[in-house]
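Structure assessment
Chain by chain, the residues:
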Amino acid sequence: MSKESIIYMQRAITLSRDKMHEGEGGPFGAVIVRGNEIIAEGWNRVTSTQDPTAHAEVTAIRNACAKLGTYELVGCDIYTSCEPCPMCLGAIYWARIAHIYYANSREDAASIGFDDQFIYEEMAKNIDCRSLPCLRIQMPEALLVFIDWKNKEDKMHY
């Protein structure tokens, strides 16, 4: 592990501790790095913003994208104080981040009451077998919007 990687991870851990004690949210912090520069930071703000999606990684991604003026973080790495939950992992993939570095594991998080295992298990199930009912309402108009997108000449692929 490089000296820089340790510094970035220490920053994510410091954010997790400091922002937790400041009442921002749970004990999670993240930094996004490109080259040898921290592009953005994020911390858990779920309870302080009343936003269940305001996890450290998602907040860091939003901040990095706003700073760089892009929706892709190609060439960036994320350092996070804990293994990303399923939502954050999805966001990291969508952002095209190159590497994930994490400190605490999902098992460590579960041991203090943050148990994402249920979500991992639900995602692996067939949609008809999940505990949250997911009911399709098939509408021709919805498919027409997709056809319009497919044929749109000036669309931006992502």
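Before reading on, note that the structure itself is shown above.
What counts as what
Residues numbered from 1 in each chain as written. Predicted model: local features only at pLDDT ≥ 70, side-chain atom pairs only at ≥ 80, totals over all residues. Heavy atoms only, no water. Helix = DSSP H or I, 4+ residues; strand = E, 2+ residues; numbered from the N terminus. Buried < 20%, exposed > 50% of the residue type's maximum accessible area, 1.4 Å probe, protein only. Polar contact = N/O pair within 3.5 Å; in protein donor to acceptor, adjacent residues only side chain to side chain. Contact = heavy atoms within 4.5 Å. Pairing = 2+ DSSP bridges.

Quick look at the side chain of Ser-105
Of note, Ser-105 is situated in the loop between strand E4 (99-104) and helix H5 (106-110). When its relative accessible area of 16% is taken as the criterion, Ser-105 is described as buried. Side chain to side chain, Ser-105 and Glu-107 meet in a polar contact 3.1 Å long. Not counting the four nearest positions on each side in its chain, Ser-105 is found in contact with Cys-82 and Glu-83.

Concerning the pairing of strand E1 (residues 29-34)
Looking along a regular strand, one sees the side chains alternate between the two faces of the sheet. Among the six residues of E1, five are classified as buried, and the element is accordingly described as predominantly covered. Here six bridges tie E1 to strand E2 (residues 37-43), and the two strands are oriented antiparallel to one another. If you follow Ala-30 over to E2, its bridge partner there is Gly-42. Connecting E1 to the antiparallel partner E2 that follows it, the hairpin turn spans two residues, and Gly-35 within it adopts a positive phi of roughly 65°. Taken together, the five bridges between E1 and strand E3 (residues 76-82) define a ladder with antiparallel strand orientation. Residue Ile-32 lies in a different strand from E3, and its bridge partner there is Ile-78.

Some details on unusual backbone geometry
Phi at Gln-50 is positive, roughly 55°, even though this residue is not glycine. Even without being glycine, Arg-96 reaches a positive phi, approximately 65°. As for its placement among the helices and strands, Arg-96 is situated in the loop between helix H4 (86-95) and E4. On the basis of relative accessibility, which here comes to 33%, the residue Arg-96 falls in the partly exposed class.

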